[in-house]
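These are the residues of each chain, in order.
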Amino acid sequence: MKCPEIKDMFFNFGRAENGSTVLVPETAYHDTWKDDKPTISSEGIRYYDFAIIQFKAAVTEPNNRENIEILLDIEKIAAWVDEQEEKGNYPVFPDGETVLEVKPLEAPSGYVAGQDKDGAKYMLQVRIEYLYERKDL
């Protein structure tokens, strides 16, 4: 929520209008384990995956510079995520889990995940790798 390229952040749903940004968890019920089998104590490394979706008013005319500028704006979000990783500036997780790494998944820049006559939906997938330590044993 501190990324300067994001004005308003919605969680899990939002408005599909120019400039709206939605953070959508991809591991909604259970985060995935790094290894297929956790330890007996259910401790180990897990992934929390989410997508940052941003809606932009794209232009459907050929050779239009505005669409390039929109893509550069989306790439700034990916660069900001990379910068936070380099600084070790991680989000705080509940129950004191230790975040190990935050990084964009797949291509480092956002890609068009949908479009219509009013604009486009750009999506950047991010993975947080963290150490899960079960507290109730």
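Keep in mind that what you see is a predicted model, and the values were worked out from it rather than measured.

Draft legend 1. Representation of the overall build of the protein. Regarding its fold elements, the protein presents one helix and seven strands. Secondary structure of the protein in N-to-C order comes out as β-β-β-β-α-β-β-β. Looking at the protein as a whole, 35% of its 137 residues qualify as buried. Considering only intrachain contacts with a sequence separation of at least 6, the fraction spanning at least 24 residues in the protein is 61%.

Draft legend 2. Fine view of the environment of Asp-118. With respect to the element layout, Asp-118 can be found in the loop between β6 (111–116) and β7 (119–132). Overall, Asp-118 belongs to the exposed group, its relative accessible area being 53%. Sequence separation between Asp-118 and Val-59 is 59 residues, and the spatial gap between their C-alpha atoms is 8.6 Å.

Draft legend 3. Spatial organisation of the confidence of the model for the protein. For the protein, the mean per-residue pLDDT works out to 82, and 82% of the residues sit at or above 70. Here strand β3 (residues 32–33) stands out as the least confident element of the protein, with mean pLDDT 67; strand β2 (residues 21–25) is the most confident, with 90.

Draft legend 4. Representation of helix α1 (residues 65–87) within the structure. A rise of 1.5 Å per residue sets the reference length of α1, with its 23 residues, at 33 Å; its end C-alpha atoms lie 33 Å apart and thus fit the reference within 8%. Against the buried residues of α1 lie β4 (44–56), β5 (98–104) and β7. Put simply, Asn-64 is the residue that caps the front of α1, since its side-chain oxygen is 2.7 Å from the backbone nitrogen of Glu-66. Remark: Gly-88 follows α1 within two positions and exhibits a positive phi of approximately 70°.

Draft legend 5. Summary view of the environment of Glu-133. Within the secondary structure, Glu-133 sits in the segment after β7. Taking the C-alpha atoms as reference points, Glu-133 and Ile-45, separated by 88 residues in sequence, lie 8.8 Å from one another. Non-local contacts of Glu-133, meaning those with residues more than four positions away in its chain, are made with Glu-43, Glu-97 and Thr-98.

Draft legend 6. Expanded view of empty space enclosed by the protein. A complete count under the given rule lists one cavity of 30 Å³ or more for this structure. When its volume is computed, the largest cavity comes out at roughly 30 Å³. Along its surface, the largest cavity is lined by Ile-52, Gln-54, Ile-74, Ile-77, Tyr-122, Met-123 and Leu-124. Mapped onto the lining of the largest cavity, the elements with two or more residues apiece are β4, α1 and β7. Broken down by element, the lining of the largest cavity gets its largest block of residues, three residues, from β7.

Calculation rules
Residues numbered from 1 in each chain as written. Predicted model: local features only at pLDDT ≥ 70, side-chain atom pairs only at ≥ 80, totals over all residues. Heavy atoms only, no water. Helix = DSSP H or I, 4+ residues; strand = E, 2+ residues; numbered from the N terminus. Buried < 20%, exposed > 50% of the residue type's maximum accessible area, 1.4 Å probe, protein only. Contact = heavy atoms within 4.5 Å. pLDDT = per-residue confidence, 0-100. Expected span 1.5 Å × (residues − 1). Polar contact = N/O pair within 3.5 Å; in protein donor to acceptor, adjacent residues only side chain to side chain. 1 Å grid on protein atoms, 1.4 Å probe; cavity = no way out; pocket = protein on both sides within 12 Å on 5 of 7 lines; lining within 4 Å. Points joined across faces, edges and corners; volume = space filled by probe spheres on them.

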